[in-house]
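What the coordinates show
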Amino acid sequence: VVSCHTHTALTRLARKRGGGGEREREGESGAMASDEAVYRCWFPLADEDGDKRVTGADAVKFFSRSGLPKEVLARAWQLSDVNRQGYLGVEQFVKALRVIALAQQRAQQGLDPAQVTNEALEEALGSGTLGMAVLQGLDPAASGASNNPFDLG
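Now for a description of the structure that goes with this document. (Residues numbered from 1 in each chain as written. Predicted model: local features only at pLDDT ≥ 70, side-chain atom pairs only at ≥ 80, totals over all residues. Heavy atoms only, no water.)

**Observations regarding the packing of helix 2 (residues 34-46) against helix 5 (residues 90-108)**
Convention followed: Under this scheme, a helix contributes an axis fitted over its contacting stretch, all axes are lines through C-alpha atoms, and angles between N-to-C directions fall in the 0 to 180 degree range. What counts as a helix is a DSSP run of H or I of at least four residues, what counts as a strand is a run of E of at least two, and both are numbered from the N terminus. Any angle that is under 35 degrees is reported as roughly parallel, and any over 145 degrees as roughly antiparallel; angles of 65 to 115 degrees are reported as roughly perpendicular and all others as oblique. Here a crossing is called left-handed whenever its near helix is offset anticlockwise from the far helix by less than a right angle, and right-handed whenever the offset is clockwise. Throughout, a contact is declared for two residues whenever any of their heavy atoms are within 4.5 Å.
For the pair helix 2 and helix 5, interaxial distance at closest approach is 9 Å and the crossing angle is 110 degrees. Put simply, helix 2 runs roughly perpendicular to helix 5. Here helix 2 and helix 5 pass one another in a crossing that is right-handed. Residues Asp-35, Glu-36, Tyr-39, Arg-40, Trp-42, Phe-43 and Ala-46 of helix 2 form the contact with helix 5, whose participating residues are Val-90, Glu-91, Phe-93, Val-94, Leu-97, Arg-98 and Ala-101.

**Digging into helix 3 (residues 56-63)**
Residues spaced three or four apart along an α-helix point in a common direction, a consequence of the helix completing one turn every 3.6 residues. Convention followed: Partly exposed describes any residue whose relative accessible area lies between the buried limit of under 20% and the exposed limit of over 50%, with all areas from a 1.4 Å probe on protein chains only and scaled to the type maximum. Our arc is simply the arc of the directions from the helix axis toward the C-beta atoms.
Buried within helix 3 are the following residues: Asp-58, Ala-59, Phe-62 and Phe-63. Buried residues of helix 3, seen end-on, are gathered within an arc of 105 degrees and therefore sit on one face of the element. Residues of helix 3 that are exposed and point over 90 degrees away from its buried face: Ala-57 and Lys-61. Its buried side turned inward, helix 3 meets helix 2, strand 1 (54-55), helix 4 (70-80), strand 2 (87-88) and helix 5.

**Quick look at the packing of aromatic side chains**
Counted only if it meets this: Classification of ring pairs uses Phe, Tyr and Trp, with its six-membered ring standing for Trp, and accepts pairs whose centres are within 6.5 Å; under 30 degrees between planes counts as stacked, over 60 as edge-to-face, and the remaining range as tilted.
Applying the stated criterion to the full structure yields six aromatic pairs. The interplanar angle of 45 degrees and the centroid separation of 5.6 Å between the aromatic rings of Tyr-39 and Trp-42 together place this pair among those described as tilted. Placement of the pair is Tyr-39 and Trp-42 together in helix 2, with a separation of three residues, close to one helical turn. Take Tyr-39 and Trp-42: they sit in the same class, and that class is buried. Summarising the aromatic geometry, the rings of Phe-43 and Phe-93 are spaced 5.2 Å apart at their centres and angled 80 degrees between planes, so their arrangement reads as edge-to-face. You can see Phe-43 sitting in helix 2 and its partner Phe-93 sitting in helix 5, a full 50 residues away along the chain.

Have a look at this one:
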């Protein structure tokens with residue numbers, strides 16, 4: 001598992017070398033994609049009570065940083081909470097942010113961001129064309145303690 005700080009260093013190095021870093025692999029043996037590493041670092045920021053679950057209220061507050069309409073965020077929840085548990089664990093949270101990233105890309109292309117499907121998400125992941133979700137106040141390159149809005153240092 002790549003720590004948030006290790007991921008930050010690897011992402012910056014990849015960007016300096018001209019790589020986007022968003023879909024690069026970190027190592028050979030099934031290491032996670034860099035978007036997943038960032039999203040895992042963001043999970044504790046969304047899980048306000050620290051119970052390892054992002055509830056609906058947590059998700060509304062956190063995912064609203066994307067600037068997407070609520071119906072698009074509802075679609076991200078629908079595609080991620082497949083077992084209808086009423087909360088997202090880490091894996092589901094990662095998927096929700098990937099849905100949000102795809103919806104943001106669709107919106108930039110003039111397409112309906114609410115029309116994201118599992119198939120479109122898998123295609124974007126497989127082709128390496130899925131970028132990072134953009135959330136107000138969070139910097140993917142600095143995922144870790146520096147994303148704390150109360151950090152004075």
